[in-house]
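# Working through the structure, step by step
Here is how the chains run, residue by residue.
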Amino acid sequence: MSISKSQLKIITSLSQKKYRQKHKLFIAEGIKVVNELLNSSFEMDTLFAVDDFQTDISSDKIIRISEKDLQKISNLKTPNKVIGIFKIPDEKPVQTNGITIALDAINDPGNLGTIIRLCDWFGVSQLVCSKDTVDCYNQKVVQASMGSLTRVSIIYMDLETYLKESISPTFVADMHGSNVYETSLPMEGILIMGNEANGVSNGIKALIKNKISIPRFGETQQTESLNVATATAILLSEFKRNIL
């Protein structure tokens, strides 16, 4: 079976956020990511798969296509047997327990996808994003999250309002903050990570007293900064080390 023009039009449109929001749909590619989504609470709309892709789901929701057609709708250099169209779920309410990561204007899809995986790895169930953070249903974010998108609640909201209303202890990653290795960290709280180029905005910094940094150990001390996902991993590790 070949892909119809109407199907091709919708699939192509989902590369843009406004159409993902309009249709309440997003794309996932590849066996691992698609299977993670199929085995989660996410609801599938349609699967486009080559003949040798095996799955237990109802066949009436699978459209079998050729490798050539798969190449037409894929964003990967080497398409991997299946592309899934899934429904965007409703956002869950904000929780106040545990550790929450808050992201201020993260632009890079790869960074967001990696941070979602880090939350999953470290048992952080909630990620609060500023409204100008990249969409978590961007296809590159979905790929980079490698299925962790199914296990982390992601909420987009006005970050300043969220922080003003929160009663949890709050920490912001800042190059001029206190050494994280010498800082007493709570078992529950909010960790704010900032934009790749500019860090956390001044408006948000002004709200937060607790600023923490990762010290440089290199002899030249010339490295300007760490990648935001790398910094998130180090800081999350320190928060979690306190509860062992």
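To start, this report covers the structure provided alongside it. This structure is a prediction, so every number in the text was calculated from the model and none was measured.

Rules used throughout
- Residues numbered from 1 in each chain as written.
- Predicted model: local features only at pLDDT ≥ 70, side-chain atom pairs only at ≥ 80, totals over all residues.
- Heavy atoms only, no water.
- Buried < 20%, exposed > 50% of the residue type's maximum accessible area, 1.4 Å probe, protein only.
- Helix = DSSP H or I, 4+ residues; strand = E, 2+ residues; numbered from the N terminus.
- Pairing = 2+ DSSP bridges.
- Polar contact = N/O pair within 3.5 Å; in protein donor to acceptor, adjacent residues only side chain to side chain.
- Contact = heavy atoms within 4.5 Å.
- Axes fitted to C-alpha atoms, helices over the stretch in contact; angles between N-to-C directions.

### Here we look at the pairing of strand E4 (residues 82-87)
The element E4 is largely enclosed, with a buried count of five among its six residues. Sheet topology note: the strand E1 (residues 25-29)/E4 ladder contains five bridges and is antiparallel. Along E4, the bridge assignment pairs Phe 26 with Phe 86.

### A word on the side chain of Thr 46
On the secondary structure map, Thr 46 appears in strand E2 (residues 44-49). Of note is the side chain of Thr 46, whose polar atom sits 2.8 Å from the side chain of Asp 45. Once you skip the residues sitting within four places of it in the chain, Thr 46 turns out to touch Lys 61, Ile 63, Ile 83, Gly 84 and Ile 85.

### Examining the side chain of Asn 138
Counting through the fold element by element, Asn 138 comes out in the loop between strand E6 (126-129) and helix H6 (139-145). Among the residues examined, Asn 138 registers a relative accessible area of 18% and is labelled buried. Among the polar contacts made by the side chain of Asn 138, one reaches the main-chain amide nitrogen of Lys 140 at a distance of 2.8 Å. Not counting chain neighbours up to four residues away, the residues in contact with Asn 138 comprise Arg 20 and Pro 109.

### Structural notes on the sheet that holds strand E7 (residues 153-156)
Two pairing modes exist for strands in a sheet, parallel and antiparallel, and in both the strands are linked by backbone hydrogen bonds. Read from one edge of the open sheet, six strands run E7-E6-E5-E9-E8-E10, paired in parallel fashion. Each of the sheet's edge strands pairs with one partner strand only, and the pair in question is E7 and strand E10 (210-213). Mean inter-strand twist for the sheet, computed between neighbouring axes without regard to direction, equals 35°. Against the sheet, helix H9 (residues 228-241) contacts strand E5 (99-103), strand E8 (170-179), strand E9 (189-193) and E10, and its axis sits at roughly 160° relative to E9.

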